[in-house]
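Letter by letter, the chains look like this.
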Amino acid sequence: MDIRRLHEAVQVLIQRKQFAQADALLSEARREAVEKADLDALDFVLSELAGLCGLMEPPDTSRAEALCLEREATRNTGYNKWQTAMTPYWTVHDGPRTVIKSREAIQKATEE
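Values in this document were obtained by computation on a predicted structure and should not be read as measured data.

1. Focus: the overall build of the chain
Reasoning step 1: Scanning the chain from terminus to terminus reveals six helices and zero strands.
Reasoning step 2: Taken from the N to the C terminus, the helices and strands of the chain come in the order α-α-α-α-α-α.
Reasoning step 3: For 112 residues, the compact-globule estimate of 2.2 N^0.38 gives 13 Å, and the chain sits close to it at 14 Å.
Reasoning step 4: Projected onto its principal axes, the C-alpha positions of the chain cover 35 × 30 × 20 Å.
Reasoning step 5: Burial analysis of the chain (112 residues in total) assigns 36% to the buried set.
Reasoning step 6: Across the chain, every contact between residues at least 6 apart in sequence was considered, and the portion connecting residues at least 24 apart equals 49%.
Reasoning step 7: Accessible surface, the chain as shown: approximately 6700 Å² in total, 55% of it carbon and sulfur.
Reasoning step 8: In the chain, the 15 positive side-chain charges and the 19 negative ones have mean positions that sit 1 Å from each other.

See below:
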């Protein structure tokens, strides 16, 4: 999987507001990454999918959060926890949930 080409193709589709096509492209890349057990690619694709969900019209906030949690399960890092924390902040402006998850991210990052 050529991550750079995938990212560029997805960005063009997003600029054109072709969200369903971007979703299909990323979903296929996700399937491929899972099939090949390519954790780097899976981490990237899950992040891109979560971001796409926040940009869709209307945003699919519950799916974005589920994808972030899947990303955390794939790679349990402070950075991934931080991305999960920021999802409710950017998508639904939920400060309290953001703070709770951010504390988890800080704790995990401190352990790393």
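Picking up after the structure, the text goes on.
2. Observations concerning unusual backbone geometry
Reasoning step 1: Looking along the chain, the bond that leaves Glu57 and enters Pro58 is cis, with omega of 0°.
Reasoning step 2: Checked against the element boundaries, Pro58 lands in the loop between α3 (39-55) and α4 (61-74).
Reasoning step 3: Unlike most non-glycine residues, Lys17 shows phi in positive territory, near 60°.
Reasoning step 4: Secondary-structure assignment places Lys17 in the loop between α1 (3-15) and α2 (19-36).
Reasoning step 5: Residue class for Lys17 comes out exposed when judged on its relative accessible area of 52%.
Reasoning step 6: Unlike most non-glycine residues, Ala37 shows phi in positive territory, near 55°.
Reasoning step 7: As for its position among the elements, Ala37 is in the loop between α2 and α3.

3. Description of the pattern of salt bridges
Reasoning step 1: What the rule picks out here adds up to 15 salt bridges.
Reasoning step 2: For Arg63, the salt bridge goes to Asp23, with nearest N and O atoms at 3.0 Å. With Arg63 in helix α4 and Asp23 in helix α2, this residue pair connects regions lying 40 residues apart in the sequence.
Reasoning step 3: Take Arg63: its relative accessible area is 23%, and that puts it in the partly exposed class.
Reasoning step 4: Across the salt bridge formed by Glu104 and Lys101, the nearest N and O atoms sit 2.9 Å from each other.

4. As for the packing of aromatic side chains
Reasoning step 1: Counted under the stated rule, the structure contains two aromatic pairs.
Reasoning step 2: Ring geometry for Tyr79 versus Trp82: centroids 5.8 Å apart, planes at 35°, classification tilted. Taken together, the residues Tyr79 and Trp82, both in helix α5 (residues 78-92) and three residues apart, mark about one turn of the helix.
Reasoning step 3: On the accessibility criterion, Tyr79 (48% relative accessible area) is partly exposed.
Reasoning step 4: Owing to a relative accessible area of 40%, Trp82 belongs among the partly exposed residues under this scheme.
Reasoning step 5: With a centroid separation of 4.9 Å and 80° between ring planes, the pair formed by Tyr89 and Trp90 is classed as edge-to-face.

Rules used in this analysis
Residues numbered from 1 in each chain as written. Predicted model: local features only at pLDDT ≥ 70, side-chain atom pairs only at ≥ 80, totals over all residues. Heavy atoms only, no water. Helix = DSSP H or I, 4+ residues; strand = E, 2+ residues; numbered from the N terminus. Rg over C-alpha atoms; globule rule 2.2 N^0.38 Å. Buried < 20%, exposed > 50% of the residue type's maximum accessible area, 1.4 Å probe, protein only. Contact = heavy atoms within 4.5 Å. Areas by Shrake-Rupley, 256 points an atom, 1.4 Å probe, with all protein chains shown as cover. Lys, Arg positive; Asp, Glu negative; His and termini not counted. Charge placed at Lys NZ, Arg CZ, Asp CG, Glu CD. Salt bridge = Lys/Arg side-chain N within 4 Å of Asp/Glu carboxyl O. Phe/Tyr/Trp six-rings, centres within 6.5 Å; stacked < 30°, edge-to-face > 60°.

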